[in-house]
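A structural walkthrough
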Amino acid sequence: VRRLDAEAVRDAILAVSGSLDRTAYGPSVKVHVSDYQDGRGKPPSGPLDGNGRRSLYLKVTLMEPPKFLALFNQPIPKLTVGRRDATNVPDQALALLNDPFVIAMAKDWSERVLLDQARTSGQRVGQMFTAAFARPPQPDETARLVKLAQRSAELHGAEAGALLSCQPVWQDVAHAIFNLKEFISEVSVPCVVGGCASYNTGLHLMRTGAVGVLVGVGPGAACTTRGVLGIGVPQATAIADVAAARS
């Protein structure tokens, strides 16, 4: 398991909240600049949600790179970086708790779920969880989020029976889901790649992190020894080359 890249974290929040604009191409969007960021050279501020555009379309300047993305190790524009850092620091957790962008997206998501046809808090929690993680929640996960919704309803003074229609309650639930570790992580899925027939290709594919490399060449007139040895010379050569790359 590893953490998503900065842009993927932001895009996932937009996508799950229903605010992502999936339009391809187009002009860049100015980065939102907080009122607390002041001083000489302060650039004009863009919309808080970047108009829902993917992080790829956020304008990056040397003086004011996107603060939220920088917290999750987006490289500083002034530096050449061969590989991104992967840090785990308190500022990242604080951003997911307090950043105005995350709070706004939790609010957008909560307003959308109020329009669903859920009849119980457990049913709505299940729908939200599945939207965020592409899997149904375990019973204990459902129970924890339902308990959170009930406690939030008490704190917001929601009347009995009004839990499903109380927007602040579901904003709290959405915000909590954004803050689950699984939300900003990806699970490494074993990947096997094929079509490899040379030392250099095998070495390159292994360096990508593939757990397995399929070696093979297509049949042809060059495989003249197949009837005698059971394997063509090009295939045998390819296997030897890729095995050398592995070692």
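Report on the accompanying structure. Bear in mind the structure is a predicted one, so any value in this text is a computation, not a measurement.

Calculation notes
- Residues numbered from 1 in each chain as written.
- Predicted model: local features only at pLDDT ≥ 70, side-chain atom pairs only at ≥ 80, totals over all residues.
- Heavy atoms only, no water.
- Phe/Tyr/Trp six-rings, centres within 6.5 Å; stacked < 30°, edge-to-face > 60°.
- Helix = DSSP H or I, 4+ residues; strand = E, 2+ residues; numbered from the N terminus.
- Buried < 20%, exposed > 50% of the residue type's maximum accessible area, 1.4 Å probe, protein only.
- Salt bridge = Lys/Arg side-chain N within 4 Å of Asp/Glu carboxyl O.
- Polar contact = N/O pair within 3.5 Å; in protein donor to acceptor, adjacent residues only side chain to side chain.
- Contact = heavy atoms within 4.5 Å.
- Core = buried A, V, L, I, M, F, W, Y, C linked by side-chain atoms within 4.5 Å.
- Axes fitted to C-alpha atoms, helices over the stretch in contact; angles between N-to-C directions.
- Parallel < 35°, antiparallel > 145°, perpendicular 65-115°, else oblique.
- Left-handed = near helix turned anticlockwise from the far one by under 90°.
- Pairing = 2+ DSSP bridges.
- Right-handed = clockwise from strand over helix to strand, strands pointing away.

1. So, the packing of aromatic side chains
This structure, assessed with the given rule, holds 6 aromatic pairs. Judged by centre distance (4.6 Å) and plane angle (55 degrees), the ring pair of F129 and F133 falls under tilted. Here F129 and its partner F133 are both found in helix α5 (residues 121–133), 4 residues apart, which amounts to about one turn of the helix. Across the pair, exposure class does not vary: F129 and F133 are buried alike.

2. A short note on the pattern of salt bridges
Throughout the structure, instances matching the rule amount to 8 salt bridges. D11 is the salt-bridge partner of R10, the closest N and O atoms lying 3.6 Å from each other. Look at the salt bridges and you will find they share partners, linking R135, E141 and E182 into a network.

3. Considerations on the side chain of S55
Locating S55 in the fold gives a position in the loop between α1 (6–17) and α2 (67–71). Since its relative accessible area comes to 5%, S55 is described here as buried. Here the side chain of S55 touches E7 through a polar contact of 3.4 Å, landing on its backbone oxygen. In terms of polar contacts, S55 uses its side chain to reach the side chain of D11, at 2.9 Å. If near-sequence neighbours (up to four positions away) are discounted, S55 is found in contact with E7, R10, D11 and L69.

4. As for the nonpolar core
Proteins that are soluble and globular tend to have nonpolar side chains buried together. Within the largest apolar cluster, 41 residues are counted, with the highest numbers of intra-cluster contacts made by I13, F68, W109, W170 and F178. Of all the secondary-structure elements, those providing two or more residues to this core are α1, α2, α3 (90–98), α4 (100–113), α5, α6 (139–155) and α7 (167–178). When residues of this core are assigned to their parent elements, the largest contribution, 7 residues, is made by α4. Setting aside residues up to four positions removed in sequence, I13 forms contacts with F68, L96, F101, V102, M105, F178 and F183.

5. Let's talk about the packing of α4 against α7
Two elements in contact, α4 and α7, have axes whose closest approach is 8 Å; the angle formed by their N-to-C orientations is 125 degrees. Classified by the angle their axes make, α4 and α7 are oblique. As for the relative orientation of α4 and α7, their crossing is right-handed in sense. Facing α4, whose interface residues are V102, I103, M105, A106, K107, W109, S110, E111 and V113, α7 presents Q167, W170, Q171, A174, H175, I177 and F178.

6. As for the pairing of strand β4 (residues 212–215)
Pairing of strand β3 (residues 192–196) with β4, which is carried by 3 bridges, proceeds in the parallel orientation. Residue C196 lies in a different strand from β4, and its bridge partner there is V215. As a crossover connection, the stretch from β3 through helix α8 (residues 199–207) into β4 is right-handed.

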